[in-house]
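Descriptive structure summary
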Amino acid sequence: MFIETEQTPNPMTLMFRPGQKVTGADGVDIPTPEAAEASPLAAALFALGDVDRVFLGHDFVSVTRNPAGADWPALKPQILGVLVDHFTSGAPLFTGTVAEAVTDDDPADADIVMQIRELIETRVRPQVAEDGGDIVYRGFRQGTVFLEMQGACSGCPSSTMTLKMGIESLLKYYVPEVLDVRAV
């Protein structure tokens, strides 16, 4: 099995492409070993000891390493071993359910929320996925859009600029009711 490895804008995160679908749908951010209980693959990656976060994307896995732990030349072969073992064994990606965050939008903002979600889905998420991450809508209140940065985007040095200069500008341009965009 050949797994492609790609750099991301976040120097602490590498993206691994196994050449097959991973989730086949939306990404799943697994920020802690405790959250990895539902995924044997994520649990095995956290068990390596130097992994801080795992993101399972449509067709990739992003792994964020602990800055105080092993460097990439030492950690990368271990990650590749876990990935090869998992994908060649045919083991399930999840054995339990993954909790989904709930949004608390005002029903009066339904049209605005629909426009925001559409822009995020069609214009933002595909670009962010190319860098090994994801951005998920978490709410709209009083002109402010709340987004969660996941995968390589979480903790990325350029994520604030992406959020403010890119996403906020895009949303303000197309949806005049948007006044601010914040990460949660």
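Summary of the structure given here. Here the structure is a predicted model, which means the values were calculated and not measured. (Residues numbered from 1 in each chain as written. Predicted model: local features only at pLDDT ≥ 70, side-chain atom pairs only at ≥ 80, totals over all residues. Heavy atoms only, no water.)

Details of unusual backbone geometry
Of note in the backbone geometry, Q142 takes a positive phi value of approximately 50° without being a glycine. Its place among the elements puts Q142 in the loop between strand 6 (133–141) and strand 7 (144–151). (Helix = DSSP H or I, 4+ residues; strand = E, 2+ residues; numbered from the N terminus.)

A closer look at the packing of helix 3 (residues 110–129) against helix 4 (residues 159–174)
Closest axis-to-axis distance for the helix 3/helix 4 pair is 11 Å, and the angle between their directions is 130°. Between helix 3 and helix 4, the angle falls in the class oblique. Along this stretch, helix 3 crosses helix 4, giving a crossing that reads as right-handed. Contacts between helix 3 and helix 4 involve Q115, I116, L119, R123 and V124 from the former and I167, L170, L171 and Y174 from the latter. Across the contact of helix 3 with helix 4, the residue classes break down as seven nonpolar, one polar and one charged. (Axes fitted to C-alpha atoms, helices over the stretch in contact; angles between N-to-C directions. Parallel < 35°, antiparallel > 145°, perpendicular 65-115°, else oblique. Left-handed = near helix turned anticlockwise from the far one by under 90°. Contact = heavy atoms within 4.5 Å. Nonpolar A, V, L, I, M, F, W, Y, C, P; charged D, E, K, R; others polar.)

Overview of the nonpolar core
Core analysis: the biggest nonpolar cluster contains 24 residues, and L41, L45, V54, V61 and L83 have the highest contact counts within it. Counting only elements with at least two residues in this core, the list comes to strand 2 (13–17), strand 3 (28–30), helix 1 (40–46), strand 4 (51–56), strand 5 (61–65) and helix 2 (72–89). Counting residues per element, this core draws most heavily on helix 2, at six residues. (Core = buried A, V, L, I, M, F, W, Y, C linked by side-chain atoms within 4.5 Å. Buried < 20%, exposed > 50% of the residue type's maximum accessible area, 1.4 Å probe, protein only.)

Considerations on the packing of aromatic side chains
Inspection of the entire model under this criterion finds two aromatic pairs. On the basis of an interplanar angle of 35° and a centroid distance of 5.9 Å, the ring pair of F55 and F60 is categorised as tilted. F55 sits in the buried class, given a relative accessible area of 1%. An angle of 85° between the planes, with centres 4.9 Å apart, marks the rings of Y173 and Y174 as edge-to-face. With a relative accessible area of 37%, Y174 lands in the partly exposed category. (Phe/Tyr/Trp six-rings, centres within 6.5 Å; stacked < 30°, edge-to-face > 60°.)

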